[in-house]
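In case you want the letters, here they are:
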Amino acid sequence: MEQNDTTTIEMSAMEIHKVAPPPHKTTLQKLKTRLKETFFPDDPLRQFKGQPLKKKLILGAQYVFPILEWGPNYSLKLLKSDIVSGLTIASLAIPQGISYAKLANLPPIVGLYSSFVPPLVYAVLGSSRDLAVGPVSIASLVLGSMLREVVSPTKDPILFLQLAFSSTFFAGLFQASLGFLRLGFIIDFLSKATLIGFMAGAAIIVSLQQLKSLLGITNFTKQMGIIPVLSSVFHRTNEWSWQTILMGFCFLVFLLLTRHISIRKPKLFWISAGAPLLSVIISTLLVFALKAQKHGISVIGELQKGLNPVSWNMLHLHGSYLVLVIKTGIVTGILSLTEGIAVGRTFAALKNYQVDGNKEMIAIGLMNIVGSSTSCYVTTGSKTAVSNIVMAVTIMVTLLFLMPLFKYTPNVILGAIIVTAVIGLIDISAAYQIWKIDKFDFIVLLCAFFGVIFISVQNGLAIAVGISIFKVLLQITRPKTVLLGNIPGTRIYRNLDHYKEALSVPGFLILSIEAPINFANTTYLKERISRWMEEYESGETKKQSELRYVVLDLSAVSAIDTSGISLFKDLRMVLEKKSLELVLVNPIGEVLEKLQRADDTKDMMGPDCLFLTVGEAVASLSTTIKYQIPTHV
């Protein structure tokens, strides 16, 4: 039976626990721990501990070359499935490689080169067992658009190709450096909301760019925004080709239908995987049989036979274009890393094994460095690693013997393939989930989306990243502080706004700081605490009792700097002038240690100023206040 009662909380009603200082560590030990958690959170060397020298050498070789780890356990059964998988991927990689190269304003053959050498390098160095590599739409679009702002791919194709290879080199160098230096956390600045908005916007821009091929337009705008693209489309109606439109519409419907079937029935994935190559074959035969190239349908034309030529002598590692290729390399490197690692981790989670993000960066980076010297442009993991070898062998056969067959392949088919591939990047359900969960993240998503389609791909991405960083800075500079009250019948203290049954304790202003305290937020915290005090002294609580104690719950404060220490010293002096006392509750780890070092006079860390819990603080200090605290028994 519940009844209202009034009791006076006595010291004997609760045992007061001592706040224990953290174990002593030297500065070197602290630095070592901090560096380890920053750069080696996965502790990659743990497998070497306690192992004999021979075992360490074997583990070291397997760490550098993951193929040595899974290779000895490889079976004939796996080979059969990998052959099927490799051939399936190759059937998709061939038309997509050609299509994405054109999207990057590069010769179509470069797309096939980029689907041959990089998969072989990744098969040896990559830690994902299910990731196939090759060109991807977003990186192709960004690389092509950034370089085209400075150099025309039609007026100066050789220089444009050289800059593309140079950008790929710097992309690989940047990616491998992140892996070697254990700086993979940098790519985490691309939040989920940023990526979803960016990819959706890029997918629309990529699709609109294909209107040139789908409508048969010859003179098309070089700009990437939605307005100039649509303006170019409708100002060039005299160039539209009904033959091209008819063929493009038919094959686009076919490709979208096969994609829909595979989404509805995942076991039939091979239908959508083989549809692009089938479309290329059928359309090529139609053009050849009907001589459609003479009736307004443009074709790829002659493609050079043979394997990747060496291109290391084409790299621009100095000169006037150096800044351009470095900037392009970093942007495309980040995008390709983000997509590749995300896909690899998804497959690893599904099949219950680990993917080392830093090893993946090294593998993808070295893959692109080698690729830049063998006529390849930026590649990454994009699909579902012996299957990589099978795919590469299939591409090799195509390069050596089948290139003449692509002479009559219509460009409109490549446009349809690209549109079908990028539609999957528009994730409306994920955008809706973000809207439901976090409105600020949704604003970031919209900024990325509209920035891409109305300004440019790279500027849209920069705007979204900037807003995401601003959000982080806002959280740092404006940490959350909440007013705590007692839940009747318990010694639990919770947010008064959240728990409506919680009651303020007369004489006490109990606040919880829920963020690290540093130079960026000390001024705000000082002003916010002062405002809480003013509100107390002008509110209903003052009628019950004069304010005596300001209690700060520091349980959620994970770190503090010298500015934060100064905050507590200044706050204590301000409160003393008002005959008030500052009480600290449960400072943890380095926070407590720094407070102890700074408290030379032992005034701030005395027995009546430091408690383990808010309940113990109130129980201990309430005996000095002549009032009764209402509780429910």
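The rules behind these values
- Residues numbered from 1 in each chain as written.
- Predicted model: local features only at pLDDT ≥ 70, side-chain atom pairs only at ≥ 80, totals over all residues.
- Heavy atoms only, no water.
- Helix = DSSP H or I, 4+ residues; strand = E, 2+ residues; numbered from the N terminus.
- Buried < 20%, exposed > 50% of the residue type's maximum accessible area, 1.4 Å probe, protein only.
- Areas by Shrake-Rupley, 256 points an atom, 1.4 Å probe, with all protein chains shown as cover.
- Salt bridge = Lys/Arg side-chain N within 4 Å of Asp/Glu carboxyl O.
- Polar contact = N/O pair within 3.5 Å; in protein donor to acceptor, adjacent residues only side chain to side chain.
- Contact = heavy atoms within 4.5 Å.
- Core = buried A, V, L, I, M, F, W, Y, C linked by side-chain atoms within 4.5 Å.
- Axes fitted to C-alpha atoms, helices over the stretch in contact; angles between N-to-C directions.
- Parallel < 35°, antiparallel > 145°, perpendicular 65-115°, else oblique.
- Left-handed = near helix turned anticlockwise from the far one by under 90°.
- Nonpolar A, V, L, I, M, F, W, Y, C, P; charged D, E, K, R; others polar.
- pLDDT = per-residue confidence, 0-100.
- Pairing = 2+ DSSP bridges.
- Phe/Tyr/Trp six-rings, centres within 6.5 Å; stacked < 30°, edge-to-face > 60°.
- Lys NZ or Arg CZ within 6 Å of the ring centre and 35° of its normal.

**A word on the overall build of the chain**
A tally of regular secondary structure across the chain gives 25 helices and 10 strands. The 633 residues of the chain split such that 51% are buried. If you sum the accessible surface of the chain, you get close to 31,200 Å²; carbon and sulfur atoms cover 63% of it.

**Brief notes about unusual backbone geometry**
Even without being glycine, Asn-105 reaches a positive phi, approximately 65°. A positive phi is found at Ser-375, a non-glycine position, where the angle reads about 65°. Topologically, Ser-375 is positioned in the loop between α15 (357–372) and β3 (380–383). Residue class for Ser-375 comes out buried when judged on its relative accessible area of 5%.

**Quick notes on the pattern of salt bridges**
Throughout the structure, instances matching the rule amount to 8 salt bridges. In this structure, Lys-407 and Glu-302 form a salt bridge, with 3.2 Å as the shortest nitrogen-oxygen distance. Look at Lys-407 and you get partly exposed, because its relative accessible area is 29%. For Asp-441, the salt bridge is made with Lys-471, and the minimal N-O distance between the two is 2.8 Å. Of this pair, Asp-441 sits in helix α19 (residues 439–454) while Lys-471 is found in helix α20 (residues 457–477), placing the two residues 30 residues apart along the sequence. Looking at Asp-441, the relative accessible area reads 22%, which means it is partly exposed.

**Overview of the side chain of Ser-241**
As for its position among the elements, Ser-241 is in the loop between α11 (226–235) and α12 (242–264). At 3.1 Å, the side chain of Ser-241 forms a polar contact with the side chain of Gln-243. Excluding its chain neighbours within four sequence positions, the residues that come into contact with Ser-241 are Leu-215 and Gly-296.

**Things to note about the side chain of Ser-232**
With respect to the element layout, Ser-232 can be found in helix α11. Since its relative accessible area comes to 11%, Ser-232 is described here as buried. When sequence neighbours within four positions are dropped, the list of residues in contact with Ser-232 reads Asn-219, Phe-220 and Thr-221.

**Let's talk about the nonpolar core**
Residues Leu-106, Leu-141, Val-142, Phe-198 and Leu-399 are the most contacted members of the largest nonpolar core, which totals 112 residues. The dominant element in this core, judged by the number of residues it contributes, is helix α8 (residues 157–180), at 11 residues. Discounting chain neighbours no more than four positions away, the residues touching Leu-106 are Ala-101, Leu-143, Phe-160, Leu-161, Ala-164 and Tyr-377. Within the second largest apolar cluster, 32 residues are counted, among which are Met-533, Leu-571, Leu-575 and Leu-582.

**A closer look at the packing of helix α23 (residues 562–577) against helix α24 (residues 589–598)**
At their nearest, the axes of α23 and α24 sit 10 Å apart, and the two run at 60° to each other. Relative to α24, the element α23 lies oblique. Once α23 is placed against α24, the crossing between them reads as right-handed. Between α23 and α24, the contacting residues are Ile-565, Phe-568 and Lys-569 on the first element and Lys-594, Leu-595 and Ala-598 on the second. Taken together, the residues of the contact of α23 with α24 break down into 4 nonpolar, no polar and 2 charged.

**Thoughts on the confidence of the model for the chain**
Caution is warranted with low-pLDDT regions, since their predicted coordinates should not be read in detail. Looking at the chain, pLDDT values average 83 and 90% of them are 70 or higher. Across residues 1–13, confidence stays below pLDDT 50; counting only partners more than four residues off in sequence or on other chains, it has 22 contacts. The low-confidence segment residues 627–633, where pLDDT is below 50, has 23 contacts with residues more than four positions distant or belonging to other chains.

**Some thoughts on the sheet that holds strand β8 (residues 581–585)**
Taken in spatial order, the 6 strands line up as β5-β4-β6-β7-β8-β9 in an open sheet, and their pairing is mixed. For this open sheet the edge positions go to β5 (493–495) and β9 (610–611), each flanked by a neighbour on one side alone. Sheet topology note: the strand β4 (residues 481–486)/strand β6 (residues 508–513) ladder contains 3 bridges and is antiparallel. If you follow Leu-483 over to β6, its bridge partner there is Leu-511.

**Some remarks on the packing of aromatic side chains**
The description of an aromatic ring pair rests on the distance of the ring centres and on the angle between the ring planes. Considering all chains together, one arrives at 7 aromatic pairs under this definition. Note on Phe-288 and Tyr-408: the rings are 5.2 Å apart at their centroids and 65° apart in plane angle, and the pair reads as edge-to-face. Relative accessible area serves as the criterion here: at 22%, Tyr-408 is assigned to the partly exposed category. Centroid distance Phe-449 to Phe-450: 5.1 Å. Interplanar angle 75°. Geometry classified as edge-to-face. What makes Phe-450 partly exposed here is its relative accessible area of 39%. Through successive ring pairs, a cluster of aromatic residues spans Phe-449, Phe-450 and Phe-454. Geometry around Trp-435 places Lys-439 over its ring, the cationic atom sitting 4.6 Å from the centre.

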